[in-house]
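Remarks on the overall topology
These are the residues of each chain, in order.
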Amino acid sequence: MNHRTKQEKGKRNFLIKAIFAIATAVVCVMSAMAQPAWPDRTIKVIVPYTPGGGTDAVTRHLLDKVTAETKWSMIVDNKPGGNGNVGLDIVAKSKPDGYTLGMGQTANLAINPALMSKMPFDPAKDLIPVALVAELPTLLVVRQDSPFKNLGDVIKAAKAKPGSLRQALAGSGTVGHLAGEMLAVKAGFTALNVPYKGAAPALTDLLGEQTDYMFATPQAVLGMIKGGKMRALAVTSTRRLSILPNVPTVSESGYKNFEAVDWKMLVAPAGTPIAVIRQINQAVEKALATPSLQAQLDAEGSAALGGSTQKAAEYLRSEQVEWATLIKEANIKLD
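Parameters at a glance
Residues numbered from 1 in each chain as written. Predicted model: local features only at pLDDT ≥ 70, side-chain atom pairs only at ≥ 80, totals over all residues. Heavy atoms only, no water. 1 Å grid on protein atoms, 1.4 Å probe; cavity = no way out; pocket = protein on both sides within 12 Å on 5 of 7 lines; lining within 4 Å. Points joined across faces, edges and corners; volume = space filled by probe spheres on them. Helix = DSSP H or I, 4+ residues; strand = E, 2+ residues; numbered from the N terminus. Nonpolar A, V, L, I, M, F, W, Y, C, P; charged D, E, K, R; others polar. Pairing = 2+ DSSP bridges. Contact = heavy atoms within 4.5 Å. Axes fitted to C-alpha atoms, helices over the stretch in contact; angles between N-to-C directions. Expected span 1.5 Å × (residues − 1). Buried < 20%, exposed > 50% of the residue type's maximum accessible area, 1.4 Å probe, protein only.

With that settled, the discussion passes to the layout of surface pockets. Approximately 950 Å³ is the volume found for the largest pocket. Lining the largest pocket are 40 residues, with Tyr49, Ala170, Thr174, Gly198 and Ala199 positioned closest to its centre. Among the secondary structure elements, those contributing two or more residues to the lining of the largest pocket are α2 (54–70), β6 (166–169), α7 (175–187), α8 (199–207), β8 (213–216), α9 (218–226) and β10 (261–269). Across the lining of the largest pocket, the residue classes break down as 18 nonpolar, 19 polar and 3 charged. Here the second largest pocket is characterised by a volume of approximately 330 Å³. Along the walls of the second largest pocket sit 15 residues, with Met182, Lys186, Asn257, Glu259 and Glu322 positioned nearest its centre.

Here it is in structure tokens:
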């Protein structure tokens with residue numbers, strides 16, 4: 001083979017490689033162009049509680065604002081059961097494409113893992129925190145004709161006759177339940193827990209003098225307080241509620257740094273693309289910054305949170321440690 005033939009062969013090989021490289025690049029570009037922009041269909045947000053409850057209300061307020069701002073199609077799908085575990089288990093086992101999300105909260109993301117021996121999913125491995133949404137404290141309430149006028153009265157009576165005061169629970173393992181246990185540990189008393197299947201029957205028995213006090217959400221008792229049927233003695237957040245400015249915090253009442261709130265956190269299945277997670281987070285962050293949504297939440301006793309996905313992840317880890325520590329120290333059981 002002469003020198004000219006070698007040169008021509010080399011040129012042909014180079015040309016073939018160049019054509020192949022260009023063709024590959026074109027295919028990649030066309031493939032990328034063929035991928036529809038997210039989202040191209042309806043996003044489902046699973047609420048692991050019944051319609052009309054606090055988690056459901058916060059989720060619908062948020063989605064109304066997000067869809068108005070982004071024009072995304074989003075729907076709520078209520079899947080109650082298992083103290084919030086059933087719905088989030090569905091989320092954890094869903095395809096990680098950003099089209100199935102869940103509204104988790106204190107109970108199923110932080111309390112249940114420490115309280116239940118068997119969980120259908122692992123919040124730390126099977127779910128990704130997307131955005132912190134809002135927090136809702138509980139109120140220590142008694143009947144309007146109760147002899148207890150403040151938190152100190154309740155604690156004094158509980159210490160005088162250990163185990164005699166009856167605390168109504170909307171359910172075992174709820175934030176209200178744990179708030180009561182936390183107070184008992186910090187104040188050094190014991191109470192008799194009386195669990196119910198929901199806030200409504202628990203409040204009915206409290207009004208009927210079958211129990212003595214209860215830690216309930218503002219949404220559940222605000223009407224009764226304003227109607228003169230119940231009296232709020234303390235709130236479990238670090239700040240007073242604007243809708244009940246005269247009700248002191250537990251911390252103000254002598255138990256520093258006391259806080260027990262039912263926070264809401266949007267989560268996605270593990271493996272969901274980080275670009276999608278960030279896009280959702282930014283949309284939620286923008287919605288939570290609007291005065292109209294903040295006013296809606298405030299009117300129901302909630303407070304908007306927000307922040308980055310990293311903040312949500314750090315917040316979740318911190319809450320899981322705190323609730324697990326409380327449950328262990330108080331020897332709280334679900335029986």
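On we go from here.
What follows deals with the sheet that holds strand β4 (residues 127–137). Taken in spatial order, the 6 strands of this open sheet run β2-β1-β3-β10-β4-β11, and their pairing is mixed. Because the sheet does not close on itself, it has two edges, and the strands there are β2 (74–78) and β11 (303–304). Lying over the sheet, helix α12 (residues 309–329) contacts β4 and β10, oriented at roughly 65° with respect to β4.

We now examine α7. Here α7 contains 13 residues, and its C-alpha end-to-end distance of 18 Å stays within 8% of the 18 Å for a straight helix at 1.5 Å per residue. Across the 13 residues of α7, 11 count as buried, placing the element largely inside the fold. Among the residues of α7, those classed as buried are Val175, Gly176, His177, Leu178, Ala179, Gly180, Glu181, Met182, Leu183, Ala184 and Ala187. Just beyond α7, the residue with positive phi is Gly188, at close to 75°.

Attention shifts here to empty space enclosed by the protein. To locate leftover empty space, one rolls a probe as large as a water molecule over the atoms. By the definition in use, this model includes 1 cavity of 30 Å³ or more. In this model, the largest cavity occupies a volume close to 40 Å³. In terms of lining, the largest cavity is formed by Leu62, Leu63, Val66, Trp72, Met74, Leu266, Ile280, Ala283 and Val284. At the level of secondary structure, the elements contributing two or more residues to the lining of the largest cavity comprise α2 and α10 (274–288).

Strand order in the open sheet formed by 5 strands is β7-β6-β8-β5-β9, with mixed pairing between adjacent strands. With one partner strand each, in any of the chains shown, β7 (192–195) and β9 (230–235) form the two edges of the open sheet. Shown here is a sheet whose adjacent strand axes are inclined to one another by a mean of 30°, direction ignored. Sheet analysis places β6 next to β8, joined by 2 bridges and oriented parallel. From the neighbouring strand, Gln167 faces β8, where its bridge partner is Tyr213. Most of the contacts of α8 go to β8, to which it runs at about 150°, and overall it touches β5 (139–143), β6, β8 and β9.

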